[in-house]
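Breakdown of the fold
Chain by chain, the residues:
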Amino acid sequence: SGRSELSSGGGGGVVDEELEDGRVLAARLAGTRVDIALRKLARLHPSLIMVEELRCRHGVTPHFEALCGIVRGDGGGDAANAVAGSDGGRKDNSGGRTAYRARFGLLERSGPLTPEEQARCLIDLATDYAVLGRMYLGWRPYL
């Protein structure tokens, strides 16, 4: 019965504003999720998609650029953080490792990746120790 009183507009001005704010936030989140799903279906680079997902939650934090570098596979310009993925990586000019997803101009490409490139980027991202080491502690992929 408390829910019907709140939703009927029975004098709860602050509560009504909070509900409206919640609805607006939910609609914006749903729109973002749909946009991200469409990007995945268009076979855009997985790292670029993940950066957009991170931007929603971490975009204003001081560590956002470092996270982006790790996700892109370039370590944010720090060769010590550029950890190779599943294929062992390739040495770059500074002696660090470059992840597959950061090689061959894949990040600069505006169009879709081939299915093989997309799969290799996803595997590289999923097996990168720099990404795995920063994952949410409570993540349960088996659920």
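Data block above holds the structure.
Report on the accompanying structure. Source: prediction; values computed, not measured.

**Some thoughts on helix 3 (residues 46-58)**
Taking 1.5 Å per residue, 13 residues should reach 18 Å; helix 3 reaches 18 Å between its end C-alpha atoms and fits that length. Taken residue by residue, helix 3 has Pro46, Ser47, Ile49, Val51 and Leu54 as its buried positions.

**Topic: a nonpolar patch on the surface**
Among the surface-exposed residues, Tyr129, Leu132, Met135, Tyr136 and Trp139 lie close enough to one another that they form a single nonpolar patch of about 620 Å² accessible area. Here Trp139 shows up in the segment after helix 6 (129-132).

**Here we look at the packing of helix 3 against helix 4 (residues 64-72)**
Look at helix 3 against helix 4: their axes get within 9 Å of each other, and the N-to-C directions meet at 160°. Judged on the interaxial angle alone, helix 4 and helix 3 are roughly antiparallel. Remark: the crossing between helix 3 and helix 4 carries right-handed chirality. Across the interface between the two elements, Ser47, Met50, Val51, Leu54, Arg55 and His58 from helix 3 touch Phe64, Leu67, Cys68, Val71 and Arg72 from helix 4.

**Points about the nonpolar core**
Core analysis: the largest hydrophobic core is formed by 10 residues, namely Val51, Leu54, Phe64, Leu67, Cys68, Ile70, Val71, Leu125, Ala130 and Val131. Within the residue set of this core, elements represented by two or more residues are helix 3, helix 4 and helix 6. Considering every element that reaches this core, the biggest residue donor is helix 4, with 5 residues.

**Topic: the side chain of Ser47**
Locating Ser47 in the fold gives a position in helix 3. Taking relative accessible area as the criterion, Ser47 reaches 0% and is therefore assigned buried. Sequence-distant contacts of Ser47, defined by excluding residues within four places in its chain, comprise Val71, Arg72, Arg101, Leu107 and Leu125.

**Thoughts on the pattern of salt bridges**
Where charged atoms of side chains with opposite charge meet at close range, the side chains can pair. Tallied over the entire structure, the rule returns 6 salt bridges. Asp35 is the partner of Arg39 in a salt bridge, and the nearest nitrogen-oxygen pair spans 3.2 Å. Placement of both Arg39 and Asp35 in helix 2 (residues 13-41) is noted, with a separation of 4 residues, approximately one turn of the helix. As a salt-bridge pair, Lys40 and Glu53 come within 4.0 Å of each other at their nearest N and O atoms. One end of the pair, Lys40, is in helix 2; the other, Glu53, is in helix 3, with 13 residues separating them in the sequence. The class for Lys40 is partly exposed, based on a relative accessible area of 45%. Looking at Glu53, the relative accessible area reads 28%, which means it is partly exposed.

**A look at unusual backbone geometry**
The backbone phi angle of Arg43 is positive, close to 60°, even though this residue is not glycine. Since its relative accessible area comes to 33%, Arg43 is described here as partly exposed.

**Here we look at the environment of Ile70**
Structurally, the position occupied by Ile70 is in helix 4. Between the C-alpha atom of Ile70 and that of Tyr129, which follows or precedes it by 59 residues, the distance is 9.9 Å.

**Comments concerning the packing of helix 3 against helix 5 (residues 115-126)**
Look at helix 3 against helix 5: their axes get within 9 Å of each other, and the N-to-C directions meet at 55°. Compared by their axis directions, helix 3 and helix 5 come out oblique. Packed against helix 3, whose contacting residues are Pro46, Ser47 and Met50, the element helix 5 presents Gln118, Cys121, Leu122 and Leu125 at the interface. In the contact of helix 3 with helix 5, the residues fall into 5 nonpolar, 2 polar and no charged.

Conventions and cut-offs
- Each chain has its residues counted from 1, following the order in which its sequence is written.
- Since the coordinates come from a predicted model, pLDDT governs what is reported: local features require at least 70, and pairs of side-chain atoms require 80 or more to be given and counted, while whole-chain, interface and lining totals use all residues.
- Excluded from the side-chain calculation are hydrogens and water; included are all heavy atoms of the structure.
- In this text, helices come from DSSP runs of H or I with a minimum length of four residues, and strands from runs of E with a minimum of two, each type numbered from the N-terminal end.
- Expected span, for any helix, means 1.5 Å times one less than how many residues it has.
- A simple rule labels every residue: compare its accessible area, found with a 1.4 Å probe on the protein chains alone, to the largest value its type can have, and call it buried under 20%, exposed over 50%, or partly exposed in between.
- Put simply, a patch holds well-exposed residues, over 30% relative accessible area, that have no salt bridge, with like charges counted together within 9 Å and Val, Leu, Ile, Met, Phe, Trp or Tyr side chains within 5 Å.
- Working definition of accessibility: Shrake-Rupley area with a 1.4 Å probe, residue cover restricted to the visible protein chains.
- Salt bridges are identified by distance alone: a Lys or Arg side-chain nitrogen within 4 Å of an Asp or Glu carboxyl oxygen.
- Note on geometry: axes are lines fitted to C-alpha atoms, helical ones only across the stretch in contact, with angles between N-to-C directions running from 0 to 180 degrees.
- The cut-offs work like this: below 35 degrees is roughly parallel, past 145 is roughly antiparallel, 65 to 115 is roughly perpendicular, and the gaps in between are oblique.
- By convention, the crossing between two helices is left-handed when the near helix turns anticlockwise from the far helix through less than a right angle, and right-handed when the turn is clockwise.
- The contact criterion used is simple: two residues touch if any of their non-hydrogen atoms lie within 4.5 Å.
- Joining through side-chain atoms within 4.5 Å is the link that ties buried Ala, Val, Leu, Ile, Met, Phe, Trp, Tyr and Cys residues into a set, and such a set is a nonpolar core.
- Under the convention adopted here, Pro, Cys and the residues Ala, Val, Leu, Ile, Met, Phe, Trp and Tyr are nonpolar, Asp, Glu, Lys and Arg are charged, and Gly plus all remaining residues are polar.

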